[in-house]
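# Per-entry structural report
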Amino acid sequence: MDVIARHQHDSRQVFWIFKEDPVFPVQEVIDYVVLLRFDAICPPVERKYLPASDIPQMLEELLSTLDPASVCSESFKKSLKVFLERQTNEMNRVEHLDENYVDEIVCHEISGITERQLELFVRTCISRYRPKLIEPGTAVVAAAAHSIGEPWTQMTLKTFPFAGVASMNITSGVPRIREIINVAKKISTPIITAELEFVNNLIIARMVKGRVEKTVLGQVAESIEPEMTQKSASGIETVERAVIAQKKNEENNQKEQEAGKQYHLLVEGLGLKAVMGIEGIDGWKTISNHVMEMEQVLGIEGARTCIINEIAQTMASHGISIDIRHLMLLADVMTFTGQVLGNTIQGVHKMGKSELMLASFERPADHLSGAAVNGRKDKIEGVSERIIMGTPMHIGTGMLKIILRVDPPPLLRYGPEISFQFTVTFS
Amino acid sequence: MRKLRRAGKVGEFVSVFVNEKQLCVYIASDGGRVCRPLVIADKGISRIKEHHMKELLDGVRSFDDFLRHGLIEYLDVNEENNALIALYEGEATPDTTHIEIEPFTILGVCAGLIPYPHHNQSPRNTYQCAMGKQAMGNIAYNQVGYDKLGAGQNATVAVMSYSGYDIEDAIVMNKSSLDRGFGRCIVMKRYSGVIQKYDNGASDRILRPQRTGMGSEKMQILDDDGIAAPGEIIRPDDVYINKQSPVITRGSRITSAEPLPDNAYRSARQTYKGPDGETCVVDRVALSSDRNENPCIKILIRHTRRPEVGDKFSSRHGQKGVCGTIIQQEDFPFSERGICPDLIMNPHGFPSRMTVGKMIELLGGKAGVSCGRFHYGSAFGEPSGHADKVEAISETLIKHGFSYNGKDFLYSGITGAPLQAYIFMGPIYYQKLKHMVRLQFFMLAYVFDDPVLDKMHARGPGPRVMLTRQPTEGKARNGGLRVGEMERDCLIAYGASMLIFERLMKSSDPFEVQDLGRLLIEDHYFYAACGCHKCDTVL
């Protein structure tokens, strides 16, 4: 099942959660329900245990009866199946514990499921799952904005040294988030993280670094005219310098530790395309932290991912973790038109169609007079315009309106509708 | 340079400061630097000897003599950085350059009022310095007498949880203590009226009050001269100056000396506007003249305020709290000797704030009350005897039958059974701060001059701004409270569209307009503004 977030103005589809939403706490639901100890709540009075083979079929039937609208996602259903499979495997294992065939009843006592238990289980799972779904009409974006904005106020304006590398500071905290959200064309510390083809070799890493960094003539030549000292002999023009850094072992700890230290290259400056092309650098895994550059080189989807990662990282470095869905929504709203649009007047202008909303954002006189001169129409659809106009907004409880039934109601006939049937028995 | 200064050849407030990093010497002689006197020590040995002190006691030497003879000098901030100052004479090392005259001189005026500040966490001392300035007290020396400038009262405080109304630093107060006058304060307000003289020679006049007939009940407090009498109780809508202004104030000068006829005057009575339910008293009436030689009348109105729920109090340790509830004395816990506390403070205020000074103040106060001697809590004063040590205080308490730790055995006032824990109870000096709330039983609050004292405010449908037809702003104009942009964002996030509609439209500036239909003006499509509920498509 997918959820679609619609743009307030003209219901443009902004974002949807795909069926395999990895973050959804499906397992938590099932684990919690298991904790409820169904054998205690619903004691198997009649001892009508289900044979192992019947369980999957029963599950299907139950799901179709209890969840006819198929509100539950596929992954949820799959998890239920997996869980019950494990139960049946357990049952089978118990059966074959003993060399001789263990008595079926004993085996069922230990790990059997009755029909009622199964029904209750599935019912409880579904009932716990349903409230976790967001209702249609929820102002998701406002909630996302709050969720991102509030931790933002907790952040300080410090810059943090970058991942243990001395003297390489990236902007962090409030200024960084501002750069991302306003989609600044120039950011103070653009850094390209380049993965090396040979991760373990320090010497090769140094060679690659040499290829990337600017080598100016002044360093190479013995004597030279003063004007020429700054001309670069090799390396990428736009790169300030490159530093070899040891990778932080986050996941796959064991594997990496066995292989020894792993290195990657941190390149300060712009030029993602050029860096990707350098021999020795794995272009597939090289990214930049500058959103505009990512958009130019890797496209709009790359920019979207960059926005999400950058904001998440900046917040994480201050110890704040935000649910990724809010960031995903923010990134989608910023990129769904095909361009990266920031929180500036130009960005909002390109995103929205409403003059009134723009007027309430910045420079009201310009927008209103321009709209009047050009005869623009404003379909009062978004929240800001509706508040200005004094009509209820279209999200939340305002999503529904009462529709008056105009067709004639059915005529009620009083009296018994059922015709009696007499059966006459002849003795 | 310093030798010269100590010898008196250079002014005593001149500071000589060596900046080693910059390799230069700064000599500052400007005014406005804060300087402190310190005892000069040569390699750790104080220059002040026994005989100097004896001479000081005898009166032969004075402080200035010490200064002139190079025993004491003034150091300002920069020079203190060059000095190594020992707190007590016993602590001086050979590197010591100065010794404190007395450790409590480190603190200034406000901090000097804090008892045992050296036992408090330093931010708490800072807060007290700020709050002490908000404490209500006497205005001038001659009110009470030098050395007795009051800023509060000694309240008997029990530190315990009681009633649940003491959460988040709120204080529970004893109603009977309040009846007996605890925490009452006087608020004076000045009202004035000018007997204006106008350009055409006409002037305002003050009439005798009407004693009978319509409107006479409003003039009850007026004396025969038309001005309120001192000592009268004044209520809202009472007239306090029965003034009349001439109708014609401009134009040709009035030549005749006769008084103008009655109809040439209109009423310009000044009525008292105060919240309902308050009984204020006319304290003083002063007749004087203003800058333009017009006689003016100034009336000082006095209101005695009793502490009520919402008034802010604090001890001297940065422990501020609002009165949470007022409870009868019968329900208050009482000690074996029958003592009921005036205030109950929540013990949760202690752990994170670490104001141990307050606890010692209680002990010292209790001991002082029992044995009849003032106890002292000067900063860092224990070694020198300027502050009473806790051990000594505890001994005094034991001698008088109390527990050494200041805890008493209390009985519950509600059940009569003894409380299961010993309660820390004793006198603590509490200040009443100037943030008071006004308890109001009516919906519309009246205008009150001092917005700091009175916070409470409510409004039903009321005045509107002419331009936007929205409710006015500010308590003085009986304004509404704004649901701002950020509040709007929160409501949007909740999806509460009807609430937004009510708050931002219906309760703000709804306006009905007749539906003018649609007009087509030439090539431009102009839809006439339509505020009706039917269609929401607008220009």
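Residues numbered from 1 in each chain as written. Chains lettered and ligands numbered in written order. Predicted model: local features only at pLDDT ≥ 70, side-chain atom pairs only at ≥ 80, totals over all residues.

### Structural notes on the overall build of chain B
A count of helices and strands for chain B gives 11 helices and 27 strands. Expressed as a percentage of the 539 residues in chain B, the buried residues total 26%. Sequence separation of 24 or more characterises 62% of the internal contacts of chain B that already satisfy a separation of 6 or more. (Helix = DSSP H or I, 4+ residues; strand = E, 2+ residues; numbered from the N terminus. Buried ≥ 20, exposed ≤ 12 C-beta atoms within 10 Å, placed from the backbone. Contact = placed C-beta atoms within 7 Å.)

### Some thoughts on the overall build of chain A
Along the backbone of chain A there are 19 helices and 10 strands. The buried share among the 427 residues of chain A stands at 27%. Long-range pairs, those at least 24 residues apart, make up 61% of the contacts in chain A with a sequence separation of at least 6.

### A short note on the sheet that holds strand E12 (residues 233–234) of chain B
Residues and elements named next belong to chain B. Strand order in the open sheet made by the 4 strands is E10-E18-E17-E12, with antiparallel pairing throughout. A single partner strand is all that each edge strand has here, and the edge strands are strand E10 (185–194) and E12. Relative to strand E17 (residues 280–289), E12 runs antiparallel, the two sharing 2 bridges. Among the inter-strand pairings, Ile233 is bridged to a residue of E17, identified as Val281. (Pairing = 2+ DSSP bridges.)

### Some points on the interface of chain B and chain A
Chain B puts 19 residues into the contact, and the matching count from chain A is 20 residues. For the side of chain B that touches chain A, the elements supplying multiple residues, two or more each, are helix H10 (485–494), helix H11 (497–506) and strand E27 (524–527) of chain B. Its residues placed into classes, the side of chain B that touches chain A shows 12 nonpolar, 4 polar and 3 charged. (Nonpolar A, V, L, I, M, F, W, Y, C, P; charged D, E, K, R; others polar.)

### Some points on the packing of helix H3 (residues 55–66) of chain A against helix H6 (residues 115–129) of chain A
Two packed helices can be described by the angle between their axes and the distance between those axes. Residue and element names in this part refer to chain A. For the pair H3 and H6, the least separation of the axes is 10 Å and the interaxial angle reads 45°. The angle between the axes of H3 and H6 places the two elements in the oblique class. The two elements H3 and H6 cross, and the hand of that crossing is right-handed. Contacts between H3 and H6 pair Ile55, Met58, Leu59, Leu62, Leu63 and Leu66 from the former with Glu115, Leu118, Glu119, Val122, Arg123 and Ile126 from the latter. Looking at the contact of H3 with H6 residue by residue, the classes come out as 9 nonpolar, no polar and 3 charged. (Axes fitted to C-alpha atoms, helices over the stretch in contact; angles between N-to-C directions. Parallel < 35°, antiparallel > 145°, perpendicular 65-115°, else oblique. Left-handed = near helix turned anticlockwise from the far one by under 90°.)

### Thoughts on helix H9 (residues 390–399) of chain B
All names here are of chain B. Every buried residue of H9 is accounted for by Ile393, Thr396 and Leu397. Along H9, the residues classed as buried sweep out an arc of 100° about the axis, all on the same side. Exposed and oriented more than 90 degrees from the buried face of H9 are Glu391, Ile398 and Lys399. On its buried face, H9 is in contact with helix H8 (356–371). (Arc of directions from axis to C-beta.)

### Digging into the sheet that holds strand E14 (residues 243–246) of chain B
Residue and element names in this part refer to chain B. Here we have 3 strands laid out as an open sheet, ordered E11-E14-E15, and antiparallel in their pairing. A single partner strand is all that each edge strand has here, and the edge strands are strand E11 (205–206) and strand E15 (265–267). By the bridge criterion, 2 bridges tie E11 to E14 in an arrangement that is antiparallel. Within E14, the residue paired with Arg205 across the bridge is Gln244.

### Regarding the nonpolar core
Inside soluble globular proteins, nonpolar side chains tend to come together where they are buried. Residues and elements named next belong to chain B. Membership of the largest hydrophobic core comes to 33 residues, with the highest contact counts inside it found for Val157, Ile171, Leu343, Ile344 and Leu363. Those elements that provide at least two residues to this core are strand E8 (153–159), strand E9 (171–174), strand E22 (343–345), H8, H9 and strand E25 (423–432). Setting aside chain neighbours within four positions, we find Ile344 in contact with Ala158, Met160, Tyr162, Asp166, Ile171 and Val172. (Core = buried A, V, L, I, M, F, W, Y, C linked by C-beta atoms within 7 Å.)

### Re the confidence of the model for chain A
All names here are of chain A. Across chain A, the average pLDDT comes to 72, with 64% of residues at or above 70. Overall, residues 8–23 carries pLDDT values under 50, and its contacts beyond four positions in sequence, including any with other chains, amount to 40 contacts. Note on residues 249–258: pLDDT is under 50 here. Beyond four places in sequence and across chains, it has 3 contacts. (pLDDT = per-residue confidence, 0-100.)

### Section: H8 of chain B
All names here are of chain B. Given a rise of 1.5 Å per residue, 16 residues ought to cover 22 Å, and the 23 Å separating the end C-alpha atoms of H8 matches this to within 8%. Where H8 is buried, its residues meet E8, H9 and E25. Positioned one or two residues after H8, Gly372 has a phi angle of 85°, which is positive. (Expected span 1.5 Å × (residues − 1).)

### Description of the packing of helix H7 (residues 140–154) of chain A against helix H15 (residues 324–335) of chain A
Residues and elements named next belong to chain A. Look at H7 against H15: their axes get within 9 Å of each other, and the N-to-C directions meet at 115°. By the angle class used here, H7 and H15 are roughly perpendicular. Read as a crossing pair, H7 and H15 show a hand that is left-handed. Taken together, the residues of H15 that come into contact with H7 (itself represented by Val140, Val141, Ala144, Ser147 and Ile148) are His326, Leu327, Leu329, Leu330 and Val333.

### Comments concerning the UniProt feature "domain: RNA polymerase Rpb2" (unreviewed entry) in chain B
All names here are of chain B. Annotation from UniProt places "domain: RNA polymerase Rpb2" (unreviewed entry) at residues 1–41, 63–93 and 479–515. The span residues 63–93 is 39% helix and 23% strand, and its two end C-alpha atoms sit 25 Å from each other. Secondary structure content for residues 479–515 is 54% helix and 0% strand, and the end C-alpha separation is 32 Å. (UniProt positions renumbered as here; feature names shortened; annotations may be inferred.)

### What to know about the pairing of strand E9 (residues 263–269) of chain A
Residues and elements named next belong to chain A. E9 sits mainly inside the fold: 5 of its 7 residues count as buried. Here strand E5 (residues 191–196) pairs with E9 via 5 bridges, running antiparallel. Residue pairing across strands places Ile191 opposite Glu268, the latter belonging to E9.

### Points about the environment of Val465 of chain B
Residue and element names in this part refer to chain B. Within the secondary structure layout, Val465 lies in the loop between E25 and H10. For Val465 and Gly479, which are 14 residues apart along the polypeptide, the C-alpha to C-alpha distance reads 9.7 Å. Aside from chain neighbours lying at most four places away, what touches Val465 is Gln470 and Thr472.

### Some thoughts on unusual backbone geometry
Residues and elements named next belong to chain B. Located in the positive-phi region is Ser163, a residue other than glycine, with phi close to 75°. With respect to the helices and strands, the residue Ser163 is situated in the loop between E8 and E9. A count of 15 C-beta atoms within 10 Å places Ser163 in the partly exposed class.

### As for the confidence of the model for chain B
For chain B, per-residue confidence averages 82 on the pLDDT scale, and 87% of positions sit at 70 or higher. This model gives residues 439–453 of chain B a pLDDT under 50, and the stretch forms 32 contacts once residues within four places in sequence are excluded.

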